[in-house]
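Examining the three-dimensional arrangement
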Amino acid sequence: MEWMGQDWVVAVAFRPDTFAARSGLLPLAEALGIRTIVHDVAWQRLARKSWTLGHWLRRAGQVYYGSEWNALVPLWDDGRLAREVGRAGVRAAHFLFAEFAAPRRAGPFRRRGIQTIGTFHCSCRRVAKVLAGRRDYRAFDWVTVVARCQEPFFLEAGVQRERLRVTPHGVDTRFFSPAASGERSATTGKPLRGLLVGATERDHEFLRVVLRAMPGGLMQLSVAVPPECQAGYRDCPAVVVLPRLTDEELLRAYREADLLLMPMLDSTANNVMLEAMACGTPVMTNRVGGVPDYVDASCNILMEGKNVEDWVDRLARLSREPDAVTALRPSVRQWAERFDWHELAGQYVKLYHDALAES
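Owing to the predicted nature of the structure, the values given are computational and were not obtained by experimental measurement.

1. Overview of the sheet that holds strand β9 (residues 239-241)
- Taken in spatial order, the 6 strands make up an open sheet running β9-β8-β7-β10-β11-β12, and their pairing is parallel. Here the strands that pair on one side only, and so sit at the sheet edges, are β9 and β12 (301-303). Taken pair by pair, the neighbouring strands of this sheet meet at an average axis angle of 25 degrees, ignoring direction.
- Here strand β8 (residues 219-224) pairs with β9 via 3 bridges, running parallel.

This is the structure:
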């Protein structure tokens, strides 16, 4: 579909401190050529000066907006964002991280003739808690989710079926890409090189049990997790706890790994899985939530549950067949290319066309 509405849509987003520069939804705005309003997390900025005031503001925002993850300032940010969005004839505002930045009141936007779109990412396991105070979504004219498993919650919360869309999450496949020929070190004769990245919905407890149950010499696992998650891995065998990685170091870690090892508690879309696959690295995870929407079982390792013996046996087999694991890499990359933001852009353009038709 031809897209001529770049000047009519604006994206509202923030850049999480833990995300690489090319992670998340901001590259979508680039692919679509739309302007982006990037806001900070207000309570975090205040907490750097006063912990007490910062966390008071956080709690006030949680109560006012009804989201445990809220990043906006109560009341004031509704008007501020509406004014910023309303400049230069904008007719639709897409809140890319709606759990963090969702207007409570539709009025400031509707008075300016602006359609509002909110994309939600939270897993089914936690959504009722994260959005505990938000059961009225009338501030959004359209709601989108990134995995099919999220739809029932929003339908039950009163979102109309025709105004609820599944819009897949994508990945910047130009930055997250396989190593050039000859740049990736050989795997033969080495333990399987595993990688774990991030914290959200990762089942760290299960993974630590698997690691302790594995025979020695099968796998070396590199762990890139926040400081609060690191202690539990320091006494695990054959684990290297990595410091915080730069974007280039993260890219190198994806490329060098033989396998992304990611047992999950739940999932919708997962940046790390998409980024690893874009680098050609197969993912080993369990079938839960939105994982089947994003991880192809024909070239990745999709486990049906979290039985420790099954995971240990599968990892042992993979470690004995390094060439077979390496052979998966071209197919993994090819699969990930369907999630390139430029490939997915048409689905968002269709959403924007429908929204603009009503503005």
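2. Considering the packing of helix α8 (residues 204-213) against helix α13 (residues 308-320)
- Contact pair α8 / α13: the axes reach a minimum separation of 9 Å and the direction vectors enclose 55 degrees. One way to sum up the angle between α8 and α13 is to call them oblique. Crossing hand, α8 versus α13: right-handed. Between α8 and α13, the residues in contact are Phe206, Val209, Val210 and Ala213 and Val308, Trp311, Val312 and Leu315, respectively.
- Class assignment for the residues of the contact of α8 with α13 results in 8 nonpolar, no polar and no charged.

3. Here's the deal with the pattern of salt bridges
- This structure, assessed with the given rule, holds 20 salt bridges.
- For the salt bridge of Arg126 with Glu201, the shortest nitrogen-to-oxygen distance reads 3.3 Å. Here the residue Arg126 occupies a position in the loop between β4 (115-120) and α6 (127-130), and Glu201 occupies one in the loop between β7 (192-197) and α8, the gap between them amounting to 75 residues.
- Here Arg126 falls in the partly exposed class, since its relative accessible area comes to 26%.
- The partner of Glu256 in a salt bridge is Arg193, and the shortest N-O contact between them spans 3.3 Å. Of this pair, Glu256 sits in helix α10 (residues 247-256) while Arg193 sits in strand β7, and the two are 63 residues apart along the sequence.
- Sharing partners across several salt bridges, the network here consists of Arg22, Glu30 and Asp172.

About the cut-offs
Residues numbered from 1 in each chain as written. Predicted model: local features only at pLDDT ≥ 70, side-chain atom pairs only at ≥ 80, totals over all residues. Heavy atoms only, no water. Pairing = 2+ DSSP bridges. Helix = DSSP H or I, 4+ residues; strand = E, 2+ residues; numbered from the N terminus. Axes fitted to C-alpha atoms, helices over the stretch in contact; angles between N-to-C directions. Parallel < 35°, antiparallel > 145°, perpendicular 65-115°, else oblique. Left-handed = near helix turned anticlockwise from the far one by under 90°. Contact = heavy atoms within 4.5 Å. Nonpolar A, V, L, I, M, F, W, Y, C, P; charged D, E, K, R; others polar. Salt bridge = Lys/Arg side-chain N within 4 Å of Asp/Glu carboxyl O. Buried < 20%, exposed > 50% of the residue type's maximum accessible area, 1.4 Å probe, protein only.

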